[in-house]
Structures are given as C-alpha cells and as structure tokens.
Amino acid sequence: MPAFLDRRDAGDALADALGGVIDPPAAVLGIPRGGVVVAARVAARLALPLGVVVTKKLGAPHNPELGIGAVAPGVRVLEPDVVSALSVGDRWLARESARVETEVARRAEAYGASVDVRAMTAVVVDDGVATGSTARAAGLWARHAGARRVVLAVPVAPMGVERRVGDAFDEVVAVLTPSDLRAVGQYYADFRQVGDAEVRELLRAPTS
C-alpha cells in the first residue's frame, strides 16, 4: 500500500516532520508543478509564506527523459558522470541549457509568485527526489537569492540523498528514505499530473 494518499496527504506528513526544525523568519518554496501542491500544505500548516522556485530538467541528447542536470533561474547543475558517459559536447550543452533557461524564465514569469528569501530560512519542497538535480538547482538558487539557511523538505527521497545535494542545502528533511527508490510515484496512491492552473490557484490562496 502506498505511503501517501496524494500530495496533500504527503504535505501534511511533511509538515509534521518539519515541526521544530524551521525557525522564522522562513518561507516555503515549491518546485512546480507537483511540489507546489505539497508545499501549499506545508506553508498552511506552518503559517509561512508560499512561493515557487522554477526548475527544469536538462534532458540527454536523443533521450530527453534521461536527466543530465537541471536549470533554475541563473543556475545550472550537471550530473558529470552522466555527461561524461554520454560524451555530451560543450556546444550542444550550451544550446540546450540556453533553451531550457528561456523556458524556466517564461514559467517563472507566468507563475509570478516570487518570495524574497534574503536573511530567511528557505524551505525548498518537492513531491519527491529521484536523482536530486532539480532539488539541487533549486537550493543553489535560494542560496544565491540570499537565504541565510536552506532546507530541502520532501516526502520521499533515496537513502543518502544528502550526499547528492549537500552543497545546496544546510539540512534535508524527508519523511521516507527508502534504499530502493525507483520512482517517486510508487509512494502515492494518487500521483496525477498537476496543471499550471492548479499551481497558480494554490499560489494565490492564503496559507494561514
């Protein structure tokens, strides 16, 4: 039986796990799209402001589903072992990064929910972590934005996730850390796709 009914249920469990960990001033930053559903529950339960940090996976040449890194506004992270194994060229990587950066900027403008995290704790929330690239990009963005402390908070992440994202976060809080995580969706009874309209509605709603 899956651990969580849906992303809202996962958000409630995550809020419980964060109790006593987050000292104000703080803000919750959801990674669209599914992460915003989780983040909205966390923000509401902890009475914190809710914003987004838009990230997008960098897909491999000829296999866009295979992630070789991720982009957030002004940030690019790579999986060097994967890039090397696939012999991804610098020119292709520069072109693809520029294309993804344009899409990230467009989506960030469309959501329009920036939160000033300077001198605050930034709690970066997603619905789960697989490789860690998108989470790491989001955490580095929060650092560059001036957050005094950056926490990754997710319902499920692979055991040892701290080693994958450690340079981007001061702390990682995960409800579940299975040793054999194959797909985040397997831990949810309902892991339906989340649309932009739902994300915008959640960002407009009061969180306290």
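Residues numbered from 1 in each chain as written. Predicted model: local features only at pLDDT ≥ 70, side-chain atom pairs only at ≥ 80, totals over all residues. Heavy atoms only, no water.

Describing the overall build of the protein chain
In terms of regular secondary structure, the protein chain is built from 7 helices and 8 strands. With the principal axes as the frame, the protein chain shows a C-alpha extent of 45 × 40 × 30 Å. Here the protein chain holds 208 residues, and the buried ones make up 50% of them. Residue pairs at least 24 apart in sequence account for 69% of intrachain contacts in the protein chain once pairs closer than 6 positions are excluded. Working note: accessible area of the protein chain is about 9,900 Å², and carbon and sulfur atoms make up 50% of it. Taking the 24 positively charged and 25 negatively charged side chains of the protein chain as two groups, their mean positions are separated by 4 Å. (Helix = DSSP H or I, 4+ residues; strand = E, 2+ residues; numbered from the N terminus. Buried < 20%, exposed > 50% of the residue type's maximum accessible area, 1.4 Å probe, protein only. Contact = heavy atoms within 4.5 Å. Areas by Shrake-Rupley, 256 points an atom, 1.4 Å probe, with all protein chains shown as cover. Lys, Arg positive; Asp, Glu negative; His and termini not counted. Charge placed at Lys NZ, Arg CZ, Asp CG, Glu CD.)

Digging into the sheet that holds strand β2 (residues 50–52)
In spatial order, the strands read β2-β1-β6-β7-β8; together these 5 strands make up an open sheet with parallel pairing. Single-partner strands in this sheet number two, and they are β2 and β8 (171–176). Averaged over all pairs of adjacent strands, the angle between their axes in this sheet comes to 25°, without regard to strand direction. Bridge count between strand β6 (residues 121–125) and strand β7 (residues 149–156): 5 bridges; the pairing is parallel. In the strand pairing of β7, Val 124 is matched with Leu 152. (Pairing = 2+ DSSP bridges. Axes fitted to C-alpha atoms, helices over the stretch in contact; angles between N-to-C directions.)

Section: the side chain of Arg 107
Relative to the helices and strands, Arg 107 is located in helix α4 (residues 90–111). Those residues in contact with Arg 107 that sit more than four places away from it in its chain are Pro 32, Arg 33, Val 54 and Thr 55.

Some points on the packing of aromatic side chains
Scanning the model with the defined rule gives 2 aromatic pairs in all. Ring centres of Phe 4 and Tyr 188 lie 5.4 Å apart, and the angle between their planes is 45°; this geometry places the pair in the tilted category. Residue Phe 4 is found in the segment before α1 (7–18), and its partner Tyr 188 is found in the loop between β8 and α7 (196–204); the two are separated by 184 residues along the sequence. No difference in accessibility class separates Phe 4 from Tyr 188, as the two residues are buried. For the ring pair Tyr 188 and Phe 191, a centre distance of 4.9 Å and an interplane angle of 40° mean the geometry is tilted. Classification of Tyr 188 by relative accessible area gives buried; the value is 4%. (Phe/Tyr/Trp six-rings, centres within 6.5 Å; stacked < 30°, edge-to-face > 60°.)

Focus: the sheet that holds strand β3 (residues 56–60)
Strand order in the open sheet made by the 3 strands is β3-β4-β5, with antiparallel pairing throughout. Pairing within the sheet leaves two strands with one partner each, and these edge strands are β3 and β5 (75–78). Averaged over neighbouring strand pairs, the angle between their axes works out to 45° when direction is ignored. The sheet contact formed by strand β4 (residues 63–72) and β5 spans 4 bridges and is antiparallel. Residue pairing across strands places Ala 70 opposite Val 77, the latter belonging to β5.

As for the pattern of salt bridges
Enumeration over the complete set of coordinates arrives at 15 salt bridges. Its salt-bridge partner being Asp 16, residue Arg 45 comes within 2.3 Å of it at the nearest N-O pair. Linking Arg 45 in helix α2 (residues 34–46) with Asp 16 in helix α1, this pair joins segments that are 29 residues apart in sequence. Judged by relative accessible area, Asp 16 falls into the exposed class, the value being 51%. Salt-bridge contacts for Asp 170 lead to Arg 143; the nearest nitrogen and oxygen are separated by 3.2 Å. Here the residue Asp 170 occupies a position in the loop between α6 (161–165) and β8, and Arg 143 occupies one in helix α5 (residues 133–144), the gap between them amounting to 27 residues. Look at Asp 170 and you get partly exposed, because its relative accessible area is 44%. Residues joined in a network through salt bridges with shared partners are Asp 12, Asp 16, Arg 41 and Arg 45. (Salt bridge = Lys/Arg side-chain N within 4 Å of Asp/Glu carboxyl O.)

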